[in-house]
Amino acid sequence: MLRLRLDKFISERTDYSRSQIKTLAGQGSISLNGEIVKKTDCKIDPDSDEIFVCNQKVRNDFNRYIILNKPDGYVSSTDNNDGISVLELVPPDMKTKGLFPAGRLDKDSLGLVLITNDGALAHKILAPKNHIPKIYIVKLAKPFQSKYVDLFWNGIVLGDGEQCLPARVRSVENCENLAFVELHEGKYHQVKRMFAAVDNHVDKLMRISVGGLVLPEKLASGDCMELLHKDVENLFRPLDFDRFCENFFSQFSAIPINK
Ligand code: URA
């Protein structure tokens, strides 16, 4: 049976911080199975214990939001039919029923994948009409050319004639084979096909943001991190592409694609 610390249980399922929970407990506003608890470091059973904070029941069936720094070789699907699923990388203490990756990265792509059991949120992120931007850093086979900026902004036509929405692209100072790309849609192999359309080739691709959610530098490849409710809201506060790219290397010292 999984047992959790009471303060962890409450903070993960509400907007109360650990220090607010401590204060509320001191004021007698937290109860466990009908008894007021003044200390919140005790262990509880999330499935059977009843917890109230300020007379509100804390529900256990909460949504889970996990950021994965996807390594090469894992597939963004829920089963292992096409290869090992990214869900295999979710550690047991973060696992819950109904998790799935909200958005796809190719098997050989790296970086940010949001894993959740919140279907409504995933729909909001993926719905084309919401245009949630995603930023990638790519390693190109041939040097970046300044003409890409206008070509991408005017909407690339892919090899099969499919028209892309305007996208932003920019070079990386002193690294002629690296580029940042921002897309507002998610066609199959889109970044790779966009560079193929301008006679280049993507050797490696890493997603570094979705909406305003940025891959944390400290999150090692293959590791997962759970998000709080308030972090999830960042998804809908997009970044300033140019400012983000300009500051990127002051935050990310080692980019695994630049080997
Ligand atoms: N575009 C691609 O080509 N591949 C990805 O994994 C993501 C975007």
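Sequence order as written defines residue numbering, which begins from 1 separately in each chain. pLDDT decides what is reported in this predicted model: residues at 70 or higher carry local features, side-chain atom pairs at 80 or more are listed and counted, and totals for whole chains, interfaces and linings draw on all residues regardless. Side-chain measures were taken over the full set of non-hydrogen atoms in the model, leaving aside hydrogen atoms and water.

Student: Before we go on, may I ask you to explain the state of the cysteines in this structure?
Tutor: The disulfide criterion is simple: two cysteine sulfur atoms within 2.5 Å. What the rule picks out here adds up to zero disulfides. Looking at the unpaired C245, the closest cysteine sulfur is the one in C175, lying at 13 Å. Note on exposure labels: buried denotes an accessible area under 20% of the residue type's maximum, exposed denotes more than 50%, and partly exposed covers the range between, all computed with a 1.4 Å probe on protein chains only. According to the relative accessible area criterion, C245 is buried, its value standing at 4%.

Student: Would you mind going over the layout of surface pockets with me for this structure?
Tutor: One simple way to see leftover space: roll a probe sized like a water molecule over the atoms. Two kinds of site are reported from a 1 Å grid over the protein atoms alone, namely cavities, where a 1.4 Å probe fits but cannot get out, and pockets, open sets with protein on both sides within 12 Å along at least five of seven lines, and residues are called lining when an atom falls within 4 Å of a point. Grid points are joined across faces, edges and corners, and a volume is the space filled by probe spheres set on the points. In this structure, the largest pocket encloses a volume near 620 Å³. Contributing to the lining of the largest pocket are 29 residues, with R104, L105, G186, K187 and Y188 lying nearest its centre. Helix numbering and strand numbering both begin at the N terminus, where a helix is a DSSP run of H or I of at least 4 residues and a strand a DSSP run of E of at least 2. Elements supplying a minimum of two residues to the lining of the largest pocket: α3 (119-126), β12 (134-140), α5 (190-197) and β15 (202-210). Its residues placed into classes, the lining of the largest pocket shows twelve nonpolar, nine polar and eight charged. Roughly 350 Å³ of volume is contained in the second largest pocket. All residues other than Ala, Val, Leu, Ile, Met, Phe, Trp, Tyr, Cys, Pro, Asp, Glu, Lys and Arg, Gly among them, are scored as polar; the first ten of these are nonpolar and the last four charged.

Student: Is there a simple way to think about the sheet that holds strand β2 (residues 30-32) in this case?
Tutor: Strand pairing in a sheet is mediated by backbone hydrogen bonds. Such pairs are either parallel or antiparallel. Overall, antiparallel pairing links the four strands, which are arranged β3-β2-β5-β6 in an open sheet. Here the strands that pair on one side only, and so sit at the sheet edges, are β3 (35-36) and β6 (56-57). In this description, strands pair whenever DSSP reports at least two bridges between them. Pairing analysis gives two bridges linking β2 to β3, with the strands arranged antiparallel. The residue of β3 that forms the bridge with L32 is E35. We call two residues in contact whenever any of their non-hydrogen atoms come within 4.5 Å of each other. Axis lines are fitted to C-alpha atoms, over the contacting stretch for helices. Their N-to-C directions set the angle, which ranges from 0 to 180 degrees. Packed on one face of the sheet, helix α1 (residues 6-13) meets β2 and β5 (51-53) and runs near 65° to β5.

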